[in-house]
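Here is how the chains run, residue by residue.
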Amino acid sequence: MDKVIKFNEDDHKSLTLWATDCAEHVLPYFETEYLEDNRPRKAIEAGRAWAHGEMTISEARIAAFAAHAAARSANHICRSCPLHVQLVTLPPLLM
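Conventions and cut-offs
- Residues numbered from 1 in each chain as written.
- Predicted model: local features only at pLDDT ≥ 70, side-chain atom pairs only at ≥ 80, totals over all residues.
- Heavy atoms only, no water.
- Phe/Tyr/Trp six-rings, centres within 6.5 Å; stacked < 30°, edge-to-face > 60°.
- Lys NZ or Arg CZ within 6 Å of the ring centre and 35° of its normal.
- Salt bridge = Lys/Arg side-chain N within 4 Å of Asp/Glu carboxyl O.
- Helix = DSSP H or I, 4+ residues; strand = E, 2+ residues; numbered from the N terminus.
- Buried < 20%, exposed > 50% of the residue type's maximum accessible area, 1.4 Å probe, protein only.
- Patch = residues over 30% accessible without salt bridge, like charges linked within 9 Å, V, L, I, M, F, W, Y side chains within 5 Å.
- Areas by Shrake-Rupley, 256 points an atom, 1.4 Å probe, with all protein chains shown as cover.
- Contact = heavy atoms within 4.5 Å.
- Polar contact = N/O pair within 3.5 Å; in protein donor to acceptor, adjacent residues only side chain to side chain.
- Expected span 1.5 Å × (residues − 1).
- Core = buried A, V, L, I, M, F, W, Y, C linked by side-chain atoms within 4.5 Å.

## Remarks on the packing of aromatic side chains
1) Next: Inspection of every chain in the model, using the stated rule, returns one aromatic pair.
2) Next: Judged by centre distance (4.9 Å) and plane angle (35°), the rings of Phe-30 and Tyr-34 are tilted.
3) Next: For Lys-13, the ring lying beneath its charged end belongs to Trp-50, and the centroid distance is 5.5 Å.

Shown next, in the form of structure tokens:
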């Protein structure tokens, strides 16, 4: 039998902060290849802002969806490069 785990808002905020920390570790790989694309960095900032009560969940989700679009765009450009592994495994912030 599968156990269902329910998270309250504080749990969700803690997980979001953990996910932003994880994403920040691979961000330099993305930014080295895509100098002009700040969508992942903006999503990390938005996740942290939401977790600290400085942004609504709707605003943060917009940034998260934009970061996923950046990852998908990069994925289409370089499926065989090492960066691909990091991009497809970034934690889905605020999804």
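## Looking at the pattern of salt bridges
1) Next: Overall, the coordinates contain five salt bridges when judged by the stated rule.
2) Next: Between Arg-48 and Glu-24 there is a salt bridge whose closest N-O contact spans 3.0 Å. Of this pair, Arg-48 sits in helix 2 (residues 39-51) while Glu-24 sits in helix 1 (residues 9-33), and the two are 24 residues apart along the sequence.
3) Next: Residue class for Arg-48 comes out partly exposed when judged on its relative accessible area of 22%.
4) Next: The closest approach of N and O atoms between Asp-37 and Arg-39, which form a salt bridge, is 2.7 Å.
5) Next: Looking at Arg-39, the relative accessible area reads 28%, which means it is partly exposed.

## What to know about a nonpolar patch on the surface
1) Next: Together, Ile-5, Phe-7, Leu-15 and Trp-18 give the surface a local cluster of nonpolar side chains, amounting to about 470 Å² of exposed area.
2) Next: Mapped onto the elements, Leu-15 comes out in helix 1.
3) Next: Judged by relative accessible area, Leu-15 falls into the partly exposed class, the value being 39%.

## Regarding the side chain of Lys-13
1) Next: When you line up the elements, Lys-13 lands in helix 1.
2) Next: If sequence neighbours within four positions are ignored, Lys-13 has contacts with Trp-50 and Ala-51.

## A look at the environment of Glu-24
1) Next: Classification of Glu-24 as partly exposed rests on a relative accessible area of 35%.
2) Next: Beyond its immediate sequence surroundings of up to four residues, Glu-24 is in contact with Ile-44 and Arg-48.
3) Next: One polar contact links Glu-24 to Arg-48, side chain to side chain, over a distance of 3.0 Å.

## Examining helix 2
Residues separated by three or four positions in an α-helix point in the same direction, a consequence of the helix having 3.6 residues per turn.
1) Next: If you check helix 2, its first and last C-alpha atoms are 18 Å apart, about what 13 residues at 1.5 Å a residue would give, namely 18 Å.
2) Next: Among the residues making up helix 2, those that are buried are Pro-40, Ala-43, Ile-44, Ala-46, Gly-47, Ala-49, Trp-50 and Ala-51.
3) Next: Looking one or two residues past helix 2, Gly-53 carries a phi angle of roughly 75°, positive in sign.

## Some thoughts on the nonpolar core
1) Next: Formed by Ala-43, Ala-46, Trp-50, Ala-51, Ala-60, Ala-63 and Ala-67, the largest nonpolar core amounts to seven residues.
2) Next: For this core, the secondary-structure elements that each account for two or more residues are helix 2 and helix 3 (57-77).
3) Next: The dominant element in this core, judged by the number of residues it contributes, is helix 2, at four residues.
4) Next: Ala-51 has contacts with Lys-13 and Leu-17, leaving out every residue within four places of it along the chain.

Read these as layout, nothing more, since geometry by itself doesn't imply function.
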